[in-house]
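Secondary and tertiary structure notes
Letter by letter, the chains look like this.
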Amino acid sequence: MFNALVVDKNEDGKTQAAVKQLQLDDLPHAEVTVAVDYSTVNYKDGLCIGPGGGLVRNYPHVPGIDFAGTVESSEDPRYAPGDKVVLTGWRVGEAHWGGYAQKARVKGDWLVPLPEGISTRQAMAVGTAGFTAMLAVMALEDHGLTLGQGPVLVTGAAGGVGSVATAILAHLGYEVAAVTGRPETEEYLRGLGASQIVPREELNETTKRPLESESWAGCVDAVGGAMLARLLGQMKYGGSVAAVGLAGGAALPATVIPFLLRGVNLLGIDSVLQPFENRQRAWQRVVTDLPLEKLEAMVQPATLQDLPQLGADILAGKVQGRVVVDVNA
């Protein structure tokens, strides 16, 4: 028997989340069984802990879109008992039972061997959010971002993706301008390496001008919506925006002018179906380019029992940094 956060629906169609005991036979069939050490709390997790947001197909359900732990048994020759592994994406925690349990059973294709130099706890301090942030930084660099071109903007900077992106960019030597709607996070963001704090209201208003002054050499955008439309017109010539989220909405009330007259690039960052080679590259870059000591400044520890409240909190925008869930506490 092992503990798991189980979300179920009652006769009225309402969901309820509670910690329950399960057996190994309850787990879905797949090749690799993992003893989970840690998971995290992401926006998708908040949806899946609550009414599902259309992400959960069947109930009862175990959420948790990422986890790190140790292989217990494996039918996949690439993994053996004792191997340390990390999982993000592949709709685990949504369509497939996830990491909010002491045991998980998943496909070998979904796992990545944990690189040397990082623990399972640190891997989940990074988690899906940090992995996505690393992919965004890699995409910006692959499209020409180099040091000395000017400040790099990070929107939603106090959130999970933004926090890690800020720390990575600052560690690499970039000047980071952090956008936040919470003035109380300024000290936190400066501690991660932000050299400039941009109040959210400065970018939140739409403008009829398709182009403004060239301000940003690159951008990691977790907000989308009107803010993304606005900052596209503020990018420097040839600059790129890595779009990683839609906290401000999915609509994009923009024009094509920044793309046509300034050669701006809008780069979509997907962390769910990334090829294995990119996953390995990103995790290796995390070890070298993310100052792991700064992870501790982002971490809020939690247990399985804390998850129902944390799920509601992250949907309400009340979670700062990274929540690391010790599923065995």
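To be clear, the structure that these remarks concern was listed above.
Summary of the structure given here. (Residues numbered from 1 in each chain as written. Predicted model: local features only at pLDDT ≥ 70, side-chain atom pairs only at ≥ 80, totals over all residues. Heavy atoms only, no water.)

Helix and strand counts for the protein stand at 10 helices and 15 strands. Here the C-alpha atoms of the protein give a radius of gyration of 20 Å, agreeing with the 20 Å that 2.2 N^0.38 yields for 329 residues. Its C-alpha atoms put the protein at 60 × 45 × 35 Å along the principal axes. Considering the protein as a whole, with its 329 residues, one finds that 54% of them fall into the buried category. With the model as given, the accessible surface of the protein reaches about 13,800 Å², and the carbon-plus-sulfur share is 49%. The distance from the centre of the 26 positive side-chain charges to the centre of the 36 negative ones in the protein is 5 Å. (Helix = DSSP H or I, 4+ residues; strand = E, 2+ residues; numbered from the N terminus. Rg over C-alpha atoms; globule rule 2.2 N^0.38 Å. Buried < 20%, exposed > 50% of the residue type's maximum accessible area, 1.4 Å probe, protein only. Areas by Shrake-Rupley, 256 points an atom, 1.4 Å probe, with all protein chains shown as cover. Lys, Arg positive; Asp, Glu negative; His and termini not counted. Charge placed at Lys NZ, Arg CZ, Asp CG, Glu CD.)

By the element assignment, P28 lies in the loop between β2 (15-22) and β3 (32-40). Residue classification places P28 among the partly exposed residues on the basis of a relative accessible area of 23%. Sequence separation between P28 and P115 is 87 residues; the distance between their C-alpha atoms is 27 Å. Those residues in contact with P28, other than ones at most four positions away along the chain, are H96, W97 and R105. (Contact = heavy atoms within 4.5 Å.)

Before going further, it helps to spend a moment on the sheet that holds strand β9 (residues 176-180). Strands sit in the order β10-β9-β8-β11-β12-β13 across an open sheet of six strands; the sheet is parallel. Looking along the sheet, the strands with just one partner apiece sit at the ends: β10 (196-199) and β13 (265-268). Strand after strand, the sheet turns through a mean of 20 degrees between neighbouring axes, direction not considered. Where β9 lies against β10, four bridges are found, and the strand directions are parallel. The residue bridging T180 from the neighbouring strand is P199, located in β10. (Pairing = 2+ DSSP bridges. Axes fitted to C-alpha atoms, helices over the stretch in contact; angles between N-to-C directions.)

Per the counting criterion, the structure on display carries 12 salt bridges. We note a salt bridge from E94 to K44, for which the minimum N-O separation is 3.2 Å. Of this pair, E94 sits in the loop between β5 (84-88) and β6 (103-106) while K44 sits in helix α1 (residues 43-49), placing them 50 residues apart in sequence. Judged by its relative accessible area of 30%, K44 falls in the partly exposed class. In this structure, D76 and R78 form a salt bridge, with 2.7 Å as the shortest nitrogen-oxygen distance. Judged by its relative accessible area of 10%, D76 falls in the buried class. One salt-bridge network, in which partners are shared between bridges, spans K44, R91 and E94. (Salt bridge = Lys/Arg side-chain N within 4 Å of Asp/Glu carboxyl O.)

Along the chain, the position of D221 falls in strand β11 (residues 216-221). Put simply, D221 is tucked away with no salt bridge, and the nearest opposite charge, on R200, sits 11 Å away.

With that settled, consider the pairing of β11. Taken residue by residue, a regular strand's side chains alternate between the two faces of the sheet. Counting buried positions along β11 gives six out of six residues, so the element sits mostly inside the fold. Where strand β8 (residues 152-154) lies against β11, three bridges are found, and the strand directions are parallel. Looking at the pairing, L153 lines up with C219 of β11. Across five bridges, β11 lies against strand β12 (residues 235-243) in parallel orientation. Note that in β12 the partner of G218 across the bridge is S240.

So, on to helix α3 (residues 160-172). Between its first and last C-alpha atoms α3 spans 19 Å; for 13 residues at 1.5 Å apiece the expected length is 18 Å, and the two agree. Judged by how many residues are buried, α3 sits mostly within the fold: 10 of 13 residues are covered. Within α3, burial applies to G160, V161, G162, S163, V164, A165, T166, A167, I168 and L169. (Expected span 1.5 Å × (residues − 1).)

This next bit is on the nonpolar core. Where a protein is soluble and globular, its nonpolar side chains tend to be buried together. Counting residues in each nonpolar core, the largest one holds 54 residues, and the members touching the most others are V86, I118, L169, W283 and L290. At the level of secondary structure, the elements contributing two or more residues to this core comprise α2 (120-142), β8, α3, β9, α4 (186-192), β11, α8 (276-289) and α9 (292-298). Element by element, the count of residues in this core is highest for α2, at 14 residues. Sequence-distant contacts of I118, defined by excluding residues within four places in its chain, comprise A123, V126, W283, V286, V287 and L292. Counting 34 residues, the second largest nonpolar core, distinct from the first, contains A4, V6, L304 and I314. (Core = buried A, V, L, I, M, F, W, Y, C linked by side-chain atoms within 4.5 Å.)

Bringing the packing of aromatic side chains into the picture now. Going through the model one piece at a time under the given rule, you end up with one aromatic pair. When the centroid spacing of 5.9 Å and the interplanar angle of 15 degrees are considered together, the rings of F131 and W283 count as stacked. Pair noted here: F131 is in helix α2 and W283 is in helix α8, with a separation of 152 residues, a long-range link. Of the two residues examined, F131 and W283, each falls in the buried class. (Phe/Tyr/Trp six-rings, centres within 6.5 Å; stacked < 30°, edge-to-face > 60°.)

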